[in-house]
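# Topology and contacts: notes
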Amino acid sequence: MDLHAGYPYSLVKYGLPFNYPRLDHDVKTDVLIAGGGISGALAAYYLTAAGIPAIVADSRTIGLGSTCASTSLIQYEIDVSLSRLTNRIGEKNAVAAYRLCYEAIGVLEKICKKIGAPFFDRRDSLFLASYKKDQEWIRKEYALRKLLGFDVSYWDDAMVKDKMGFDAPGAIYSRMAAQTDTYMLTHLLHQYNIKKGVEVYDRTTVADISHQRNGVIVHTQEGHRIKAKYLIMATGYEASQYIREPLLKLRSTYATASESLQMDGCCWHNNCLIWETKDPYLYMRPTKDNRILVGGRDEYYYNPSRRDKLISKKGKMLQEDFNKKFPHIRFISEFQWTGTFISTDDGLPLIGNYPAMPRTYFALGFGGNGITFAQIAAEIITAIILGKKNAVPQMFAFGRG
Ligand SMILES: Cc1cc2nc3c(=O)[nH]c(=O)nc-3n(C[C@H](O)[C@H](O)[C@H](O)COP(=O)(O)OP(=O)(O)OC[C@H]3O[C@@H](n4cnc5c(N)ncnc54)[C@H](O)[C@@H]3O)c2cc1C
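Per chain, the residues get numbers from 1 upward, laid out in the order the sequence is written. Selection of residues for local features in this predicted model requires a pLDDT of at least 70, selection of side-chain atom pairs for listing and counting requires 80 or more, and totals for whole chains, interfaces and linings are taken over all residues.

### Concerning the overall build of the protein
Formally: By definition, any uninterrupted DSSP run of H or I lasting at least four residues is a helix, any uninterrupted run of E lasting at least two residues is a strand, and each is numbered from the N terminus. Radius of gyration here uses only the C-alpha atoms, and the compact-globule reference equals 2.2 Å multiplied by the residue count raised to the power 0.38. Here the C-beta atoms are placed from the backbone, and a residue counts as buried if at least 20 other C-beta atoms lie within 10 Å of its own, exposed if 12 or fewer do, and partly exposed otherwise. What counts as a contact here is a pair of residues whose C-beta atoms, placed from the backbone, lie within 7 Å.
Summing up its helical and strand segments, the protein has ten helices and 18 strands in all. A compact globule built from 401 residues would reach a C-alpha radius of gyration of about 21 Å, and the protein, at 21 Å, matches this within 12%. Across its three principal axes, the protein shows a C-alpha extent of roughly 65 × 45 × 40 Å. Burial statistics for the protein: of 401 residues in total, 51% are counted as buried. By sequence separation, contacts in the protein at least 24 residues apart represent 75% of the contacts at least 6 residues apart.

Here it is in structure tokens:
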């Protein structure tokens, strides 16, 4: 699958920080993790912490899946609002999903501290009503989150103007969000895991999987055999070749990074993350090195050649979108890129066993919250492997309907 094109900012900035070998022999382990992006790296971290030997095998160079294209906003708010998710899957499950994402932010912060990764910054997050008609929805969403104990405030139009300087009919301000560099975090997780005994191979493709009663036997495309008790599929959007869930939707999304700029005296409250109600939504955040990342302008198809032709045009559109909100900030787009994106109807990840593949667990953080979902999936799958019954919350399971 063609996952991205153009110049993803993290990849331009950090290039190839570490090298990993190809697998050139047969191996045996407890858990084989197919995929070495953020999901595979976090799964290996959790397994290692639990004392379970693991091997990571990635068909690409490490990090060059969707992970290097990420704009790295960490939010508990998923693409489907809590009120809409409640209508869809019931209050208990919707609230449980939101709470897990909320907690994931603190957990990711602890992991970054533990591995010594300087790529985690607490931020607040602003969810804007894009249109007047969304004002009522935003108000209800705010009231529900407040009632359930989420740390949120409601901003009316005057407050948005005062704090941010632009017009919006209303907004929810959340004091729980963060930003990272997903690509570098992935590498630093692998480096930490390697020191703890994990073997990480790239340019090694899991090609043929044979499911046994007591494990799996995998043949790599390069001609080697990996025997494992369990297989974790952290293969990102390419997992769609294994599963046929009707709820998967393919999109192409776009992002741009500005030139480094001066934001002194600018009214961007607390440099918060910004996103909004319309679909596709626009989102933006300042980086630590004084750039601004803006993303959105999605197209509802997967067609890499059509997708890639639009990179420059979409970069200009995102620059204009940004300038409408902050006309006084001199945003000049320097890098533009595009990525394929899969979302689910309910905005939730797919985690756990797919019945057709015994002793195999999927960690698929589809949707806009791939990073928090990756943490949640890693924790759940490790719990399953440790023998915990009913570890997969029903709202994340395959076949949830
Ligand atoms: C433009 C863009 C912006 C985004 N912004 C955000 C954001 O702000 N916040 C957020 O939370 N999420 C964001 N996301 C989503 C996030 O980037 C992804 O959810 C996340 O990176 C997925 O990580 P992963 O490890 O699951 O998948 P990947 O990074 O794609 O890793 C999967 C790996 O599996 C490997 N693989 C596949 N098949 C095999 C096989 N058979 N054998 C061996 N290896 C295999 C691939 O080579 C790949 O490297 C964004 C995505 C895009 C495209």
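### Comments concerning the site of the ligand
The line we're drawing: As used in this record, a residue near a molecule or strand is one whose C-beta atom, placed from the backbone, is within 6 Å of it. Each residue gets one label: Ala, Val, Leu, Ile, Met, Phe, Trp, Tyr, Cys and Pro are nonpolar, Asp, Glu, Lys and Arg are charged, and the others, such as Gly, are polar. The split of the chain into domains comes from an automatic or database domain assignment.
Taken together, 39 residues are adjacent to the ligand, and Gly37, Gly65, Gly236, Gly339 and Gly370 come closest. When contributions to the shell around the ligand are tallied by element, the ones reaching two or more residues are helix 2 (38–49), strand 3 (54–58), strand 12 (248–258), strand 16 (333–344) and helix 10 (370–385). The residue makeup of the shell around the ligand, split by class, is 13 nonpolar, 23 polar and three charged. Here the shell around the ligand gathers at least three residues from each of two domains, domain 1 (23–69 + 183–246 + 347–396) and domain 2 (248–271 + 280–344).

### Quick look at the pairing of strand 11 (residues 225–233)
Worth spelling out the cut-off: Here the rule is simple: two strands pair whenever DSSP picks up at least two bridges between them.
Bridge count between strand 2 (residues 27–34) and strand 11: seven bridges; the pairing is parallel. Along strand 11, the bridge assignment pairs Ala34 with Met233. Pairing between strand 10 (residues 216–220) and strand 11: four bridges, direction antiparallel. Counterpart to Ile217 in the pairing with strand 11 is Lys227.

### Some remarks on the packing of helix 4 (residues 91–115) against helix 10
Any two packed helices are characterised by the angle at which their axes cross and by the distance between the axes. So the rule is basically this: Axis angles are defined between N-to-C directions and span 0 to 180 degrees, where every axis is a line fitted to C-alpha atoms and, for a helix, only to the segment in contact. In these notes the angle categories are as follows: under 35 degrees is roughly parallel, over 145 is roughly antiparallel, 65 to 115 is roughly perpendicular, and the rest is oblique.
Where helix 4 contacts helix 10, the two axes come as close as 9 Å, and the packing angle between them is 85 degrees. Taken as axis vectors, helix 4 and helix 10 run roughly perpendicular relative to one another. Contact residues: Leu100, Cys101, Ala104, Ile105, Val107 and Leu108 in helix 4; Thr372, Gln375 and Ile376 in helix 10. Residue classes in the contact of helix 4 with helix 10 are distributed as seven nonpolar, two polar and no charged.

### Topic: the packing of helix 2 against helix 10
Selection criterion: A clockwise turn of the near helix away from the far one marks a right-handed crossing, whereas an anticlockwise turn of less than a right angle marks a left-handed crossing.
Where helix 2 contacts helix 10, the two axes come as close as 8 Å, and the packing angle between them is 35 degrees. Regarding helix 2 and helix 10, the two cross each other, and that crossing is right-handed. The residues of helix 10 that touch helix 2, namely those facing Ile38, Ser39, Leu42, Ala43, Tyr45, Tyr46 and Leu47, are Gly370, Ile371, Ala374, Gln375, Ala377, Ala378, Glu379, Ile381 and Thr382. Looking at side-chain class alone, the contact of helix 2 with helix 10 contains eleven nonpolar, four polar and one charged residues.

### A look at the domain arrangement of the protein
Looking at the protein, the domain boundaries give domain 1 (23–69 + 183–246 + 347–396) and domain 2 (248–271 + 280–344). Distance from the C-alpha centre of domain 1 to the C-alpha centre of domain 2: 30 Å. Listed per partner, the contact involves ten residues of domain 1 and seven residues of domain 2. Its residues assigned to classes, the side of domain 1 that touches domain 2 shows five nonpolar, four polar and one charged.

### Concerning unusual backbone geometry
A negative phi angle is the norm for most residues apart from glycine, just as the trans form is the norm for most peptide bonds. With an omega of 0 degrees, the peptide bond running from Asp279 to Pro280 counts as cis. Positionally, Pro280 belongs in the loop between strand 13 (273–276) and strand 14 (283–286). One non-glycine residue, Asn270, lies in positive phi territory at about 55 degrees. Checked against the element boundaries, Asn270 lands in the loop between strand 12 and strand 13. Of the residues examined, Asn270 has 13 C-beta atoms within 10 Å and is grouped as partly exposed. A positive phi is found at Asn271, a non-glycine position, where the angle reads about 50 degrees.

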